[in-house]
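Observations on the model geometry
The residues making up each chain are set out below.
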Amino acid sequence: MSDLDQLTQSLARNLKRWRGDRGFTLDALAARAGVSRGMIIQIEQARTNPSVGTTVKLADALGISITTLLDFEQGPQVRVVPQDQAVRMWSTEAGSHTKLLVGTEARGPLELWSWRLMPGEASASDPHPEGTTELLHVSAGELTLLVDGEPHTVAAGASATFEANVPHGYRNDGSETVEMVMAVSIPPAR
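Note that this is a predicted model, so its numbers are computed, not measured. (Residues numbered from 1 in each chain as written. Predicted model: local features only at pLDDT ≥ 70, side-chain atom pairs only at ≥ 80, totals over all residues. Heavy atoms only, no water.)

**Thoughts on the packing of helix α2 (residues 26–33) against helix α3 (residues 37–44)**
Cut-off, in case you're wondering: Each axis is a line fitted through C-alpha atoms, and for a helix only the stretch in contact is used; angles between axes span 0 to 180 degrees, taken between their N-to-C directions. Segments assigned H or I by DSSP are reported as helices when at least four residues long, segments assigned E as strands when at least two residues long, and all are numbered from the N terminus. The labels follow the angle: roughly parallel below 35 degrees, roughly antiparallel above 145, roughly perpendicular from 65 to 115, and oblique for the rest. Crossing handedness follows the turn of the near helix against the far one: under a right angle anticlockwise gives a left-handed crossing, and clockwise gives a right-handed one. The criterion used for residue contact is that any of the two residues' heavy atoms lie within 4.5 Å. Note on residue categories: nonpolar means Ala, Val, Leu, Ile, Met, Phe, Trp, Tyr, Cys or Pro, charged means Asp, Glu, Lys or Arg, and polar means any other residue, Gly included.
For the pair α2 and α3, interaxial distance at closest approach is 9 Å and the crossing angle is 110°. Accordingly, the angle class assigned to the pair α2 and α3 is roughly perpendicular. Relative to α3, the crossing made by α2 is right-handed. Between α2 and α3, the residues in contact are L26, D27, L29 and A30 and R37, I40, I41 and E44, respectively. Each residue belonging to the contact of α2 with α3 can be placed in one class, and the counts come to five nonpolar, no polar and three charged.

Here it is in structure tokens:
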């Protein structure tokens with residue numbers, strides 16, 4: 001791959017990523033940058049090499065440097081959170097607890113949680129912002145997932161996902177401890 005091809009691919013990938021991170025539609029970015037929607041589509045599809053002026057306008061509209069927009073050597077950022085640095089957010093005397101395992105702000109906050117619910121215990125949650133999604137996987141026990149007042153049984157080995165912009169909660173109606181992992185995706189602030 002030539003340097004120009006690599007630059008074209010990098011610009012396409014980075015423009016799409018940063019536009020998504022900022023929550024900009026094609027039309028919104030076009031208006032902010034003073035660049036046509038069609039040009040942005042061509043750049044994101046790696047079908048054109050824009051002028052330096054166009055690239056600077058796009059970077060400015062995204063609030064990033066042109067270097068960041070064109071960067072093709074930087075590898076993915078990795079953050080490892082050691083087990084002893086996971087944050088316990090909630091616990092009971094009986095042994096139920098949650099831990100925030102890791103989170104990120106990329107394309108809106110994304111959180112990964114570890115849950116343990118002892119028999120007979122429950123945790124309720126107020127509605128999250130519109131567009132928030134939760135995904136969970138039960139590894140032990142049987143979870144009763146409550147979404148907007150409706151119970152859903154999620155057995156060990158099963159997974160579930162739901163829009164979390166309504167009241168919801170997690171309950172252990174069984175005799176075995178519930179162990180689960182949950183991811184929460186929150187839309188970026190507008």
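Following the structure, the description resumes.
**Side note on a nonpolar patch on the surface**
Worth spelling out the cut-off: Surface patches are drawn from residues lacking salt bridges whose relative accessible area is over 30%; two like charges belong together within 9 Å, two nonpolar side chains (Val, Leu, Ile, Met, Phe, Trp, Tyr) within 5 Å. Per-residue and other accessible areas were derived by the Shrake-Rupley procedure at a 1.4 Å probe size, with only the shown protein chains allowed to occlude residues. Salt bridge, as applied in this entry: a Lys or Arg side-chain nitrogen positioned within 4 Å of an Asp or Glu carboxyl oxygen.
On the surface, a nonpolar cluster with roughly 220 Å² of combined accessible area is contributed by V52, V56 and I66. Secondary-structure assignment places I66 in helix α5 (residues 66–70).

**Quick look at α2**
Which entries qualify depends on this criterion: Exposure classes here rest on a 1.4 Å probe applied to the protein chains alone. A residue is buried below 20% of its type maximum, exposed above 50%, and partly exposed in between. The arc refers to the directions leading from the helix axis to the C-beta atoms.
Taken residue by residue, α2 has L26, L29, A30 and A33 as its buried positions. For α2, the arc enclosing every buried residue in end-on projection is 100°, short of the 170-degree limit, so these residues lie on one face. Exposed residues on α2 whose side chains face more than 90 degrees from its buried face are A31 and R32. Each element contacted by the buried residues of α2 is listed here: α1 (3–22), α3 and α4 (52–62).

**Side note on the packing of α1 against α3**
Packing of α1 against α3 brings their axes to within 7 Å, and their N-to-C directions diverge by 120°. Between α1 and α3, the crossing angle belongs to the class labelled oblique. Here L11, A12, L15, K16 and R19 of α1 come into contact with α3, specifically with I40, I43 and E44. Residue composition of the contact of α1 with α3, by class: five nonpolar, no polar and three charged.

**Here we look at the environment of E150**
Summarising the element assignment, E150 is placed in strand β7 (residues 150–155). The exposure class of E150 is partly exposed, given its relative accessible area of 49%. Sequence separation between E150 and G169 is 19 residues; the distance between their C-alpha atoms is 10.0 Å.

**Re α4**
Among the residues of α4, those classed as buried are T54, T55, L58, A59, A61 and L62. Down the axis of α4, the buried side of the element spans an arc of 165°, and every buried residue falls inside it. Facing away from the buried side of α4 by over 90 degrees, the exposed positions are V52 and D60. Against the buried residues of α4 lie α1, α2, α3 and α5. Residue G63 follows α4 closely and has a positive phi angle near 75°.

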